[in-house]
Number of protein chains: 2
Amino acid sequence: MDKLNKYSILALEKGVNIKKSQKLLIRSSVDNADFVRTLTELAWKRGAKDVMVQWFDDKINRKRYLYGDSDIFGIESKWYIEYINKIIEEDYQIITVISSNPENLKDIDPEKITKESKVISKMLKPLGERMMDYTIQWSIIALPCKEWAVKVFPNAKTPEEAVNLMWEAIFKVTLIDDNDPIENWDNHIKNLSVQTKKIQDYNFKSLIFKNSLGTDLEIGLPKGHIWVSGEKKSKKGNSFIANIPTYEVFTAPHRDEVNGIVYSTKPLIYMGNVIDKFWIKFQNGKAVEYKAEVGNEFLEKMITIHPNADFLGEVALVPHSSPISQSGLLWYNTLYDENASCHIALGKAYPSTLAGSENLSEEERMAKGLNQSLSHNDFMIGSACMNIIGKTEDGKEIQVFKDGEWSI
Amino acid sequence: MDKLNKYSILALEKGVNIKKSQKLLIRSSVDNADFVRTLTELAWKRGAKDVMVQWFDDKINRKRYLYGDSDIFGIESKWYIEYINKIIEEDYQIITVISSNPENLKDIDPEKITKESKVISKMLKPLGERMMDYTIQWSIIALPCKEWAVKVFPNAKTPEEAVNLMWEAIFKVTLIDDNDPIENWDNHIKNLSVQTKKIQDYNFKSLIFKNSLGTDLEIGLPKGHIWVSGEKKSKKGNSFIANIPTYEVFTAPHRDEVNGIVYSTKPLIYMGNVIDKFWIKFQNGKAVEYKAEVGNEFLEKMITIHPNADFLGEVALVPHSSPISQSGLLWYNTLYDENASCHIALGKAYPSTLAGSENLSEEERMAKGLNQSLSHNDFMIGSACMNIIGKTEDGKEIQVFKDGEWSI
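Scoring rules and cut-offs
Residues numbered from 1 in each chain as written. Chains lettered and ligands numbered in written order. Predicted model: local features only at pLDDT ≥ 70, side-chain atom pairs only at ≥ 80, totals over all residues. Heavy atoms only, no water. Phe/Tyr/Trp six-rings, centres within 6.5 Å; stacked < 30°, edge-to-face > 60°. Helix = DSSP H or I, 4+ residues; strand = E, 2+ residues; numbered from the N terminus. Buried < 20%, exposed > 50% of the residue type's maximum accessible area, 1.4 Å probe, protein only. Polar contact = N/O pair within 3.5 Å; in protein donor to acceptor, adjacent residues only side chain to side chain. Contact = heavy atoms within 4.5 Å. Buried area = accessible area lost by both parts, 1.4 Å probe. Salt bridge = Lys/Arg side-chain N within 4 Å of Asp/Glu carboxyl O. Nonpolar A, V, L, I, M, F, W, Y, C, P; charged D, E, K, R; others polar.

Overview of the packing of aromatic side chains
The final tally for this structure, using the stated rule, is 39 aromatic pairs over all chains. Measuring from centroid to centroid gives 5.7 Å for Tyr-7 of chain A and Phe-171 of chain A, while their planes differ by 85°, and the two rings are edge-to-face. Note that Tyr-7 of chain A is positioned in helix α1 (residues 3–15) and Phe-171 of chain A in helix α7 (residues 159–173), a separation of 164 residues in sequence. Ring plane angle 55° and centroid distance 5.4 Å describe the contact between Phe-278 of chain A and Phe-379 of chain A, whose orientation is recorded as tilted. Placement of the pair is Phe-278 of chain A in strand β13 (residues 273–283) and Phe-379 of chain A in strand β17 (residues 376–380), with a sequence separation of 101 residues. Like Phe-278 of chain A, the residue Phe-379 of chain A is buried in the burial classification. An aromatic cluster is defined as three or more aromatic residues linked by ring pairs; in this entry it consists of Trp-79, Tyr-80 and Tyr-83 of chain A together with Trp-79, Tyr-80 and Tyr-83 of chain B.

A few points about the side chain of Arg-37 of chain A
Topologically, Arg-37 of chain A is positioned in helix α2 (residues 33–45). Within the structure, Arg-37 of chain A has its side chain in polar contact with the side chain of Asp-34 of chain A (distance 2.8 Å). Look past the residues within four positions of Arg-37 of chain A in its chain and what remains in contact with it is Val-30, Asp-31, Asp-57, Lys-59, Ile-60 and Lys-63 of chain B.

Comments concerning the interface of chain B and chain A
With 29 residues of chain B at the contact, the number on the chain A side is 29 residues. Both faces considered, chain B and chain A share a buried interface measuring about 2,900 Å² in area, 62% of it formed by carbon and sulfur atoms. At the junction of chain B and chain A, the tally comes to twelve salt bridges. With its nearest N and O atoms 2.9 Å apart, the salt bridge here joins Lys-49 of chain B to Asp-71 of chain A. The interface formed by chain B and chain A holds 14 residue pairs in polar contact (both at pLDDT 80 or more) in total. Mapped onto the side of chain B that touches chain A, the elements with two or more residues apiece are α2 (33–45), β2 (50–56), α3 (58–67) and α4 (78–89) of chain B. Considering every element that reaches the side of chain B that touches chain A, the biggest residue donor is α2 of chain B, with seven residues. Along the lines of polarity and charge, the residues of the side of chain B that touches chain A split into twelve nonpolar, two polar and 15 charged.

See the structure below:
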């Protein structure tokens, strides 16, 4: 079996893990039609009840932003709301196949992008909830495209060579090799869960991040926080892997207990634009000051776009020796870059990261420290010089990360 | 400028003829993404207000029919009804880019296809009305795909060679050559309209089709029938070309005044299957008996699927010397094959083919002889041996076609 086939099996059987009689929605760029066709075939053969595909195209999307008047953006769409309703009511599981030009919306009027992004987030909210609280199984997997590959491999002689190099790199970090991909992933998940159990057992009160870039950030953790990694379980009890690849162990910060300053360590792609070399100061959880050398306007959008987008919803630990980090590549895509580096996310927290939160209202979750927002944007803060100290409830200080690596 | 570019300009500027501030919907297979991107760029540059793309994929569609249980077909979809509403309310003009495997649904349970086809026709009805009565500008244009090309060029050594041969053939009959495509089409439309005026001036009471295959069919024409060809005018006064290519001159039959027997002269693709070598007997307009040597089950579906699908809604004259006919190719696609041959259509008549019908209700149109139905299916009856006699109101008989060619 070739690697591409193994990759599609990984996505379908281990990623979204579609079961007999379940419905599947595949969201994908039109450029990935062949891969999507393979996924649909696999889903049907597993006994899927229905398979639906939602197509999009970066290039056509860019043209719309480029040429369209501002007044066509940010408008609620009845049909799209009904479409989302269908996906919810008929309990579709979801695979998203991403492969996008990191700078697809470069030089586009940010107001257009923000207007559209706001209304889309609002329309997607009920679906987003179901994904974040694991009501459904879902998975995100990436395929190279030329525009993306040449950004990751700027020295490749041709875009085709860049795409080939990118495939090699993707297969490496998604554990696609001569062995059975499912077996590879089962081992990988087991390793991640060992580390997850270790940090869980400390039941830390807070984590203090420090490095030589100037980061000095204390992140309080809510009582009953749960560290999560690798495989998740849906409410129906089906396992799934939300991100392919995944090397993170994460939990929820207490939204009101984040203080200090943090420096980014990798560029961040937000709304088709690059934000780079930035810092954010937090006071009682809120991002009160920030500055990016590149894309400051977009950093500001990210922090101010929705209520509570200026509070943290995730803290994730990834050792500097993670295979993605060791690839030495800058991926210009959060799915990859966040799995190469410790990261934190502004916006909504995953309910699964707090014990007993599944039956709580948004207000009750907030009261327990779990941030609620329409957005969730990870950004990378880890590096080879990251040190993390964990404070326990009884006042002990434990070295969790030393020089970028796990030390517990 | 290369021919493909000229072809996209033809589709956008002459086909749908998108105007400043108009909205455009493009319906296309995902395989034609590059062509669609060019169309969107052209539309934006002409000042379109918005451009939306509805993607589909034959291969994924086939898998759904192949593996899906019967109960997932034929279900009304709220989101799709809202989508159609949007297209209507916001006055989108429409280009459809077809390129499909003629036998895409071969060996699929016809019940699944029929259930789905019925509900789609029902949901599309309000949009279909707007297209058929020329409220909006619309155009259909075809691009080759491998599965289609190998059917048209069965002797090509590779699918790629078949696609290349098909491009050549398409460019030839759509008048894409070294000259300006718009100028070529202006001349072509002028020639068609000369012939259209000639037959209009006779104001025939009926046409009698006879050939050596056994066809002997009298088609009554309603009082006030109008012969139409080439360029149409939308209700807003914008010209457009609904079919690229087009070589037909057509009008409405009187739905109750069709008598005799007609033999098909080319295979017909209906719901992804081939119907071939068939005849239909008409009595007072109604198809009372029929038989196909190939695909009889689908012929039956076509005639019985909707109320009034067993009455005629179009009669179209195309000389045997039409360039598409002269290509000597069987296209296995009605857009091409109907422009190679005289044809008639079961189902709905175009309101534009009867004077004063635009303000009439469906019932009033029916009373004047204009058939009303959810479907409209052309099939080919012309050949080198077709003779057509026109009977005038005052009882004269005029030879309209002699041995497959215009004789007036």
